[in-house]
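Here's the letter readout for the chains.
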Amino acid sequence: QVQLVESGGGLVQPGESLRLSCAVSGGSIISINHMGWSRQAPGKQREMVALVSSAGKPNSADSVKGRVTISRDNAKNTVYLQMNSLKPEDTAVYYCWGEVYGVGTYWGQGTQVTVSS
């Protein structure tokens with residue numbers, strides 16, 4: 001059973017940076033077609049932040065484009081989300097997910113990111 005565990009969330013001030021990590025266990029990250037991050041702010045729907053294909057091709061939402069970088073380290077079975085120039089509106093619970101074609105999508109438990117002065 002594939003499990004995803006996020007880490008790296010916390011409280012930061014506007015303009016600061018955070019790097020979130022998502023460790024994959026119970027399977028190889030190589031077998032996961034897409035890995036990504038989504039977030040959900042209080043009272044809002046969950047939205048996709050960024051994703052990366054098994055070939056390493058990244059994509060990100062317009063709301064964070066230019067401020068986030070997603071990457072995957074196959075050797076460490078880990079996906080990262082580097083977030084820079086954080087804004088209060090980036091405050092949310094961030095979820096890691098992995099999609100396997102023909103199987104479904106696995107989700108982590110989430111990590112809280114709070115941007116506040």
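Now for a quick tour of the structure.

Definitions and limits used
Residues numbered from 1 in each chain as written. Predicted model: local features only at pLDDT ≥ 70, side-chain atom pairs only at ≥ 80, totals over all residues. Heavy atoms only, no water. 1 Å grid on protein atoms, 1.4 Å probe; cavity = no way out; pocket = protein on both sides within 12 Å on 5 of 7 lines; lining within 4 Å. Points joined across faces, edges and corners; volume = space filled by probe spheres on them. Nonpolar A, V, L, I, M, F, W, Y, C, P; charged D, E, K, R; others polar. Buried < 20%, exposed > 50% of the residue type's maximum accessible area, 1.4 Å probe, protein only. Helix = DSSP H or I, 4+ residues; strand = E, 2+ residues; numbered from the N terminus. Pairing = 2+ DSSP bridges. Axes fitted to C-alpha atoms, helices over the stretch in contact; angles between N-to-C directions. Disulfide = S-S within 2.5 Å.

### Considerations on the layout of surface pockets
Empty space within the largest pocket amounts to approximately 150 Å³. As for the largest pocket, its lining consists of 13 residues, of which Arg 39, Lys 44, Glu 47, Glu 89 and Asp 90 are closest to the centre. Among the residues forming the lining of the largest pocket, the class breakdown is two nonpolar, four polar and seven charged.

### Observations concerning the pairing of strand β8 (residues 78-83)
When you tally the buried positions in β8, you get five out of six residues, the bulk of the element. Relative to β8, strand β7 (residues 68-73) runs antiparallel, the two sharing six bridges. The residue of β8 that forms the bridge with Val 68 is Met 83. Here β7 folds back onto β8 in antiparallel fashion, the turn holding four residues, of which Asn 77 has a positive phi close to 55°.

### Side note on the sheet that holds β7
Taken together, the four strands give an open sheet; going across it, the order is β1-β3-β8-β7, and neighbouring strands pair in antiparallel fashion. With partners counted over all chains shown, the strands left at the sheet margins are β1 (3-7) and β7, one partner each. Recorded for the sheet is a direction-independent mean angle of 15° between the axes of neighbouring strands. In terms of strand pairing, strand β3 (residues 18-25) meets β8 through six bridges, oriented antiparallel. Each bridged residue has a counterpart across the sheet, and for Leu 18 the counterpart in β8 is Met 83.

### Quick notes on the state of the cysteines
Counting across every chain of the model gives one disulfide. Between Cys 22 and Cys 96 runs a disulfide, and the two sulfur atoms are separated by 2.0 Å. Where Cys 22 bonds to Cys 96 through sulfur, the torsion about that S-S bond is close to -80°, and the disulfide is left-handed. With Cys 22 in strand β3 and Cys 96 in strand β9 (residues 92-100), this pair connects stretches of sequence that are 74 residues apart.

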